[in-house]
Amino acid sequence: MNFEELFWALQVMAGLGLLIAAIVAVRFKNLVSAVIAMAVFSLILSLEFYILQAPDVAIAEAGVGACLTTAMYLLAIKKTTDEEVIE
Amino acid sequence: MTIDGMFMWALILLLFSATLTLIRLLAGPTIPDRAVALDSMTTTTAGAMVVYGVITRQAVFIDVALVYAVLSYIATLYIARYLVKKRVGIACECEGEGP
């Protein structure tokens, strides 16, 4: 196995993972499950930037996507009532 | 098999295990299942990032794995605090205190 085949295999896997995570984040009924799916989406997007040789963009995406977005969405959901949250 | 080939197979196996945890996250019936699956997936992907940095021989890529490991820990901490506050997934409530 040379490096080019590995690169294209990683590209295909990251694209499929992005598609699956985006569809699932839209279609989950539970709000916390949707936030976790958004965290998975940002994880795979950070991996995609990383594969495309842009580590600084990957660091920025990890900081915004993994930490700030998840924490802010959860702090917002915590203020809502129970009928929307508990399945 | 060269050393690079062995590292490539290790990277493929790490990403395969990350795919398995993604399936667990999609099919998990409860929220704590999904939170644990997210934590396991971020840890496995950080390991895959380190192995990819070894393959391409660029030391800058190791920093991304370190930063992502720390930030995913903070995200998991927030999810766990939320689950404790809302009492999701707590098995026994037999101590007489309601939710």
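So, how was this worked out
- Residues numbered from 1 in each chain as written.
- Chains lettered and ligands numbered in written order.
- Predicted model: local features only at pLDDT ≥ 70, side-chain atom pairs only at ≥ 80, totals over all residues.
- Heavy atoms only, no water.
- Helix = DSSP H or I, 4+ residues; strand = E, 2+ residues; numbered from the N terminus.
- Buried < 20%, exposed > 50% of the residue type's maximum accessible area, 1.4 Å probe, protein only.
- Contact = heavy atoms within 4.5 Å.
- Buried area = accessible area lost by both parts, 1.4 Å probe.
- Polar contact = N/O pair within 3.5 Å; in protein donor to acceptor, adjacent residues only side chain to side chain.
- UniProt positions renumbered as here; feature names shortened; annotations may be inferred.

Enquirer: Whenever I open this one, unusual backbone geometry confuses me. Can you help?
Expert: Excluding glycine, residues mostly carry a negative phi; peptide bonds, for their part, are mostly trans. Even without being a glycine, Q53 of chain A presents a positive backbone phi close to 60 degrees. Looking at where Q53 of chain A falls in the secondary structure, it is placed in the loop between α2 (31-51) and α3 (55-78). Classification of Q53 of chain A as partly exposed rests on a relative accessible area of 41%. Unusually for a residue other than glycine, R57 of chain B sits at a positive phi of about 55 degrees. On the accessibility criterion, R57 of chain B (61% relative accessible area) is exposed.

Enquirer: Sorry, what's going on with the interface of chain A and chain B here?
Expert: By a widely used convention, the size of an interface equals the accessible area lost when the partners come together. Taken together, the 42 residues of chain A in the interface contact 39 residues of chain B. For the pair chain A and chain B, the summed buried surface comes to about 3700 Å²; carbon and sulfur atoms form 81% of the total. For the pair chain A and chain B, the interface holds three residue pairs in polar contact (both at pLDDT 80 or more). Mapped by element, the contributors of at least two residues to the side of chain A that touches chain B are α1 (3-27), α2, α3 and α4 (82-85) of chain A. Ranked by residue count, the leading element in the side of chain A that touches chain B is α3 of chain A, at 13 residues.

Enquirer: Explanation requested: the UniProt feature "transmembrane region" (unreviewed entry) in chain B in the structure shown.
Expert: Those places that UniProt annotates as "transmembrane region" (unreviewed entry) correspond, in this numbering, to residues 59-80 of chain B. Structurally, residues 59-80 of chain B is divided into 95% helix and 0% strand, and its ends, taken at the C-alpha atoms, are 33 Å apart.

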